[in-house]
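In case you want the letters, here they are:
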Amino acid sequence: MINSVKKYFIKVIAFVFFLFFINKTNAQIFSKSAKKDFEKREDSLKKYADNIINAEESNVRFRSDSMFIKMLVRALKQNNSFYYPFDSLQTISHMYAPDSSFRIFTWQLKKDEYVYMQHGAIQMRTADGSLKLFGLHDASMFTKNPLDSVRNPNTWIGAIYYKIVLKTFNNKKYYTLLGFDDYTISSTKKWMEVLTFNNNNEPVFGGPYISFKEDTAKKATQVRFNIEYKKEASVRFNYDPELDLIVYDNLVSETDEPDKKDTYIPDGDFEGFKWKDGQWVHVDKIFDYKLKDGDYPKEKLILDNNGKADEQKLMEQSIKNQQKSDSTSKPVKKN
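Residues numbered from 1 in each chain as written. Predicted model: local features only at pLDDT ≥ 70, side-chain atom pairs only at ≥ 80, totals over all residues. Heavy atoms only, no water.

1. Some thoughts on the overall build of the chain
Next up, step 1: Each helix and strand in the chain was counted, giving five helices and 14 strands.
Next up, step 2: Burial statistics for the chain: of 335 residues in total, 50% are counted as buried.
Next up, step 3: Put simply, of all contacts in the chain between residues at least 6 apart along the chain, 55% involve residues at least 24 apart.
Next up, step 4: Accessible area for the chain stands at about 17400 Å²; split by element, carbon and sulfur atoms hold 50% of it. (Helix = DSSP H or I, 4+ residues; strand = E, 2+ residues; numbered from the N terminus. Buried < 20%, exposed > 50% of the residue type's maximum accessible area, 1.4 Å probe, protein only. Contact = heavy atoms within 4.5 Å. Areas by Shrake-Rupley, 256 points an atom, 1.4 Å probe, with all protein chains shown as cover.)

2. With respect to the confidence of the model for the chain
Next up, step 1: For the chain, the average pLDDT comes to 84, and 77% of its residues sit at 70 or higher.
Next up, step 2: Counting interchain partners and residues more than four positions distant, the pLDDT-below-50 stretch residues 1–9 has zero contacts.
Next up, step 3: Ignoring residues within four places in sequence, the model shows residues 290–294, a span with pLDDT below 50, making five contacts including any to other chains. (pLDDT = per-residue confidence, 0-100.)

3. Quick word on the layout of surface pockets
Next up, step 1: Its volume calculated, the second largest pocket comes out at about 820 Å³.
Next up, step 2: By residue number, the principal contributor to the lining of the second largest pocket is strand β10 (residues 225–230), which donates four residues.
Next up, step 3: Residue composition of the lining of the second largest pocket, by class: 18 nonpolar, eight polar and 11 charged. (1 Å grid on protein atoms, 1.4 Å probe; cavity = no way out; pocket = protein on both sides within 12 Å on 5 of 7 lines; lining within 4 Å. Points joined across faces, edges and corners; volume = space filled by probe spheres on them. Nonpolar A, V, L, I, M, F, W, Y, C, P; charged D, E, K, R; others polar.)

4. Some words on the sheet that holds strand β13 (residues 264–276)
Next up, step 1: Read across the open sheet, the five strands follow the order β9-β14-β13-β12-β11; overall the sheet is mixed. What marks the edges here is a single partner per strand, and that holds for β9 (210–211) and β11 (237–240).
Next up, step 2: Two elements, strand β12 (residues 245–253) and β13, share eight bridges in a ladder whose sense is antiparallel. If you follow Asp 249 over to β13, its bridge partner there is Phe 270. (Pairing = 2+ DSSP bridges.)

Below is the structure:
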């Protein structure tokens, strides 16, 4: 109990320090007039961001999505926009990489009860504060097998990202993206995607990074990984920094119909992936691997049942990123 209270106060202190750091950093970068301009733009964006998710009529959602994209790009064209957090956009996921080299915006647009589309953009940090932006275009509706190919921003498999895990191998950085997709009226998907950057510093999605070589029943390496399950089920899929594992629920069909993914629910066991020699290697039984009796992995979800982002949980994850690396989850301007 004492240790739990101590950990709680440490988190509170870290959170207060984090907010102080961000305010100080922004004050150093933005003049009062520049900050006021960003706040005005953000206030306008907030209305459209909310309508994208919450408007009842599809034409309002689509029109709001179009306006939001145009206004976001205009806002990001302002000098040093990379350092402005846009924290009030609660229906839009926006996360900085742990090393602050880029940030990624993602959100979903509901066409109807059966079709969800994801939109997004990656903003790179630049030395002069100018805009370098990659729009992400969801091609999942036009893809028969999304697990079989390396992709670029124009052929992106859409997801709303709630976690970025930075790993290295042979002096190269690998950013693992964990994301959410409402998918269909009866099932949900969660995705695991490794993001790298090529020699032109352009984003590359996927690669031979998902390995099952230590499983008893061997299967081929995958380019990316996902799970699909019943819409009403609560399913864990997240990185546990203490275990240094990506952990997710083992799923089974509650109706003994393995071909119907919308019947899949957790069975109480956990699987996962460990980072080893430049790959995420599958761990068939997490409890057998590291967890002690009575322990279980926990996930902090970014979205509620209405698809709204939980900014508090995003902030808590950012604080954890800050504590786990030499940099903070919000960038420090470099000359």
